[in-house]
Protein chains: 2
Amino acid sequence: MELLAAAAGLDLVVDEELEREIESRSRAVAERLRRPYADFAAGVTKQATRPATAIPIGLVGTAPGLVVPLDGRVAVVLPGPPWELRQLWPRALETGPMLELLRRAERPSRRVLRFYGASESAVAQALAAAGGDGNGVEATICARDFEIHVDLVVDPGAEAQADSLVAALLEPLGCHLFSEDERPVEEIVLELCRERGLTLAAAESCTGGLVAARLTSIPGSSDVFVGAIVAYANGVKEAELGVPAHVLREHGAVSPEAAAAMAAGVRSRLGTDVGVAVTGIAGPGGGTDEKPVGLVYLHAETPDASHGIEFNFPADRESIRRRAAVAALHLVRRLLSQSRDSHV
Amino acid sequence: MELLAAAAGLDLVVDEELEREIESRSRAVAERLRRPYADFAAGVTKQATRPATAIPIGLVGTAPGLVVPLDGRVAVVLPGPPWELRQLWPRALETGPMLELLRRAERPSRRVLRFYGASESAVAQALAAAGGDGNGVEATICARDFEIHVDLVVDPGAEAQADSLVAALLEPLGCHLFSEDERPVEEIVLELCRERGLTLAAAESCTGGLVAARLTSIPGSSDVFVGAIVAYANGVKEAELGVPAHVLREHGAVSPEAAAAMAAGVRSRLGTDVGVAVTGIAGPGGGTDEKPVGLVYLHAETPDASHGIEFNFPADRESIRRRAAVAALHLVRRLLSQSRDSHV
């Protein structure tokens, strides 16, 4: 705030109304947390200091939001935490300077393509082969969480150019496309289950709960996802998932056979329609020549189908685990959408 | 790289030896992934382009590292992914320009204090009351993952000043100190169990696997952590954790009684010494006046002790879940270290 004011040559004032409100809220917070108000007092005047020309747009907790007109431009000052920011943003949009700014602005539209199983360079190459961006379409390609996210920002009037760029990207890459919106794969999986009235459970070894954590990150997941068994020890794989001792003995806990038994086991044990299982070697220890760090087996089973895959992704422990969780979610997605694409 | 070279006025050359090596590795990657080499070819010459004065320090995969001497200063160019970066950094340290730089540099020491249960403002206030930093000690206070991390960077000769600052911080806040190193709480929990020869399991409802995921993020966790039951549906709480139906009926799934039954249940079911359970309302739906979004019950049970806590942390779903997972880990830590601190 001081920086903004200094940069724009604005005078700072303490807003007394804001100060009273922040003080009263800080006292309430202190009381609720059974902490002395003195813990909070130091921040109150600072929070209430604003450029003289700023328009206060309210508070979230004790954090104020401001709209600061700057010669036709507008600075919007919001609290940092996304949850707080999102509450004040709509009020910023209702202020005079923002309404005026938005009236003048031409809004670009947006196209989203999400790929899984294609490399970033293959997507970049397809984009270049299609003539690249420009002519009112700005394309960004981002490898995120083992998916490739393509975002097109389309100026008004450039929709046809965007359509032809999308068509040119889908020609070589359509088999890897899994979404044209921003829903994460766990949300897509839950919706595929929900549409078909199916329930879902997970059996996790090396991912240690990451698949369940991603599924339960989605509000309302409880009508589809009933739970998971994180079977880290082999004893838990046997006792809780019913993986036969001879499978573990003959093939090992990291094997296609164990993954298949885990998927079937969690389905039967938790009484769900769909089961997905992950077992692998996340490292850094535990690898052998035959079964190196990064080797992961996944298996999904539905009432109609069953499919297992193997991948080998040598990397650090956290990347292997995250990669395996993403692969498990996409495996269920593919099995439920009966895609003929056989890539991982 | 282009930016660095332009800023420093350096000539760029294509390093032919590097180019041959990157090409050969790219071909190997293409073959392994069964993709055309053309997908990778475009990047090869770019990867092999370096300032003429740069010292190549090797490759990770197809990404090269460079040390670029700049008039007594040194620029180290490394691949972005942390896993790749860490492999090349030691080689950067072995080059002439870096050895020369390190010989000249005075290395500050570092002191670390980790608090849980104290507010950021209480820590900031204690630091200010102790006279603040300065005199060769630079302090940063960072609220991270619901803990407060204090880092002191101590110039040579300022160790006594750092000692007195640490003492002044611990006087009011010592009861909240949980670590003087950078181990995350899940690693501390695993080590406390390991020292005592105890095994550990988790029963998770609203956290949906996050507690297990954090514990299993630590290499070697498998000798302590045997697994978890993510009991999202009430049926799973009953069938897999043995939570009595009357507890769920009379007190609800989000209750101290359910949390206690889940902790005891997972201990008994997975046959471990220690069990920890989390049940709560992560929202955004599902809250009531009596049991609002953000209400979470936790319970931990060891062979000697059993302790439950409640907290109410109204926030967005992801923050509530992450906060609850952190609280569960600290609950186990406190129970095992038998701290007399009764704060959450």
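Note that the coordinates shown come from a computational prediction; the quantities given were computed from them, not determined experimentally.

Novice: So what exactly am I meant to see when it comes to the overall build of chain A here?
Specialist: Helix and strand counts for chain A stand at 13 helices and 14 strands. Against the 2.2 N^0.38 benchmark of 20 Å for 344 residues, chain A shows a C-alpha radius of gyration of 26 Å, more extended than a compact globule. The principal-axis extent of the C-alpha atoms belonging to chain A is close to 75 × 60 × 40 Å. Sequence separation of at least 24 residues holds for 62% of the intrachain contacts in chain A that already meet a minimum separation of 6.

Novice: Help me out: how do you make sense of the relation of the copies chain B and chain A in this one?
Specialist: The relation between the two chain copies is a rotation about an axis coupled with a shift along that axis. Structural alignment of chain B on chain A gives an RMSD of 0.1 Å, achieved by rotating through 180° and translating 0.0 Å along the axis. Those values place the two copies in the arrangement expected of a two-fold rotation axis. An overlap of 100% is found between the interface residues of chain B and their copies at the interface of chain A, pointing to a shared contact surface.

Novice: Sorry, what's going on with the environment of B:Ile229 here?
Specialist: Among the structural elements, B:Ile229 can be located in strand β11 (residues 225–231). Residue B:Ile229 is classed as buried on the basis of its 32 C-beta neighbours within 10 Å. Spatially, the C-alpha atom of B:Ile229 lies 9.1 Å from that of B:Gly208, the residues being 21 residues apart in sequence. When sequence neighbours within four positions are dropped, the list of residues in contact with B:Ile229 reads A:Gly227, A:Ile229, B:Ala203, B:Glu240, B:Leu241, B:Val266 and B:Arg269.

Novice: Before we go on, may I ask you to explain the pairing of strand β3 (residues 55–60) of chain A in this structure?
Specialist: Looking down a regular strand, the side chains alternate between one sheet face and the other. Sheet analysis places β3(A) next to strand β4 (residues 63–70) of chain A, joined by four bridges and oriented antiparallel. By the bridge assignment, A:Leu59 is partnered in β4(A) with A:Pro64.

Novice: I'm lost on the domain arrangement of chain A in this one. Help?
Specialist: A common way to express how large an interface is: the accessible area buried when the components associate. Residues and elements named next belong to chain A. Splitting chain A by domain gives domain 1 (2–104), domain 2 (109–179) and domain 3 (185–337). The straight-line distance from the C-alpha centre of domain 2 to that of domain 3 is 31 Å. Taken together, the contact between domain 2 and domain 3 spans five residues of the former and seven residues of the latter.

Novice: Help me understand the nonpolar core, please; the structure alone is not making it clear to me.
Specialist: Judged by nonpolar contacts, the single largest core of 122 residues is most densely connected at A:Val211, A:Met262, A:Ala328, B:Val211, B:Met262 and B:Ala328. For A:Met262, the residues in contact, after removing those within four places along its chain, are A:Ala203, A:Ala231, A:Lys237, A:Leu241, A:Val243, A:Ala277, A:Thr279 and A:His299. Formed by 19 residues, the second largest nonpolar core is a distinct cluster that contains B:Ala118, B:Val137, B:Val150 and B:Leu152.

Novice: Quick question: what am I supposed to make of the packing of helix α8 (residues 185–196) of chain A against helix α13 (residues 317–337) of chain A here?
Specialist: Describing two packed helices takes the angle between their axes plus the distance from one axis to the other. Residue and element names in this part refer to chain A. It is the contact of α8 with α13, at a shortest axis distance of 9 Å, that shows an interaxial angle of 30°. The interaxial crossing formed by α8 with α13 has left-handed handedness. Along the contact surface, α8 presents Val185, Glu186, Ile188, Val189, Leu192 and Cys193, while α13 presents Val326, Leu329, His330, Val332, Arg333, Leu336 and Ser337. Here the contact of α8 with α13 is composed, by residue class, of nine nonpolar, two polar and two charged.

Novice: What is the right way to look at the sheet that holds strand β5 (residues 73–77) of chain A in this model?
Specialist: As a general point, the strands of a sheet are linked pairwise by backbone hydrogen bonds and lie either parallel or antiparallel. Residue and element names in this part refer to chain A. Read from one edge to the other, the open sheet built from three strands follows the order β3-β4-β5, with strand pairing classed as antiparallel. Looking at the sheet topology across the chains shown, the edges are occupied by β3 and β5. Between one strand axis and the next, the sheet turns by 15° as a mean value, whatever way the strands run. With five bridges connecting them, β4 and β5 associate as antiparallel partners. Note that in β5 the partner of valine 67 across the bridge is valine 76. Sheet strands in contact with helix α4 (residues 82–93) are β3, β4 and β5, and its direction is about 150° off that of β3.

Novice: When you look at the interface of chain B and chain A in this model, what are you seeing that I'm missing?
Specialist: Taken together, the contacts link 39 residues of chain B with 39 residues of chain A. Secondary structure elements with two or more residues in the side of chain B that touches chain A: α3 (38–47), α6 (120–129), α9 (210–216), β11, α10 (234–241) and α13 (317–337) of chain B. Tallied by class, the residues present in the side of chain B that touches chain A amount to 20 nonpolar, 14 polar and five charged.

Novice: Is there a simple way to explain the sheet that holds strand β8 (residues 147–154) of chain A in this structure?
Specialist: Residues and elements named next belong to chain A. With antiparallel pairing, the four strands of this open sheet are ordered in space as β7-β8-β6-β9. Because the sheet does not close on itself, it has two edges, and the strands there are β7 (137–144) and β9 (177–179). Across the sheet, the mean angle from the axis of one strand to that of its neighbour is 30°, orientation sign disregarded. The pairing of strand β6 (residues 109–115) with β9 spans two bridges and is antiparallel. Bridge pairing links arginine 114 to serine 179 in β9.

Novice: Can you help me understand helix α7 (residues 159–173) of chain B in this one?
Specialist: Each full turn of the α-helix corresponds to 3.6 residues, which orients residues three or four apart in the same direction. All names here are of chain B. The end-to-end C-alpha distance of α7 is 21 Å, a good match for the 21 Å that 15 residues give at a rise of 1.5 Å each. Burial in α7 covers these residues: Ala162, Leu165, Val166, Leu169 and Leu173. Mapping the buried residues of α7 onto a view down its axis gives an arc of 100°, with all of them on the same face. Opposite the buried face of α7, at more than 90 degrees from it, the exposed residues are Ala160, Ala167 and Glu171. Buried positions along α7 lie against β6 (109–115), α6, β7 (137–144), β8 (147–154) and β9 (177–179).

Novice: Is there a simple way to think about the pairing of β11(B) in this case?
Specialist: Burial of β11(B) is extensive: seven of the seven residues sit out of reach of the surface. Direction of pairing for strand β11 (residues 225–231) of chain A relative to β11(B): antiparallel, over a ladder of five bridges. If you follow A:Ile229 over to β11(B), its bridge partner there is B:Ile229. Across five bridges, the pairing between strand β10 (residues 200–204) of chain B and β11(B) is parallel. Directly across from B:Ala202, in β11(B), lies its bridge partner B:Ala228.

Conventions adopted
Residues numbered from 1 in each chain as written. Chains lettered and ligands numbered in written order. Predicted model: local features only at pLDDT ≥ 70, side-chain atom pairs only at ≥ 80, totals over all residues. Helix = DSSP H or I, 4+ residues; strand = E, 2+ residues; numbered from the N terminus. Rg over C-alpha atoms; globule rule 2.2 N^0.38 Å. Contact = placed C-beta atoms within 7 Å. Least-squares fit on C-alpha atoms with pLDDT ≥ 70 in both. Buried ≥ 20, exposed ≤ 12 C-beta atoms within 10 Å, placed from the backbone. Pairing = 2+ DSSP bridges. Domains from an automatic or database assignment. Core = buried A, V, L, I, M, F, W, Y, C linked by C-beta atoms within 7 Å. Axes fitted to C-alpha atoms, helices over the stretch in contact; angles between N-to-C directions. Left-handed = near helix turned anticlockwise from the far one by under 90°. Nonpolar A, V, L, I, M, F, W, Y, C, P; charged D, E, K, R; others polar. Expected span 1.5 Å × (residues − 1). Arc of directions from axis to C-beta.

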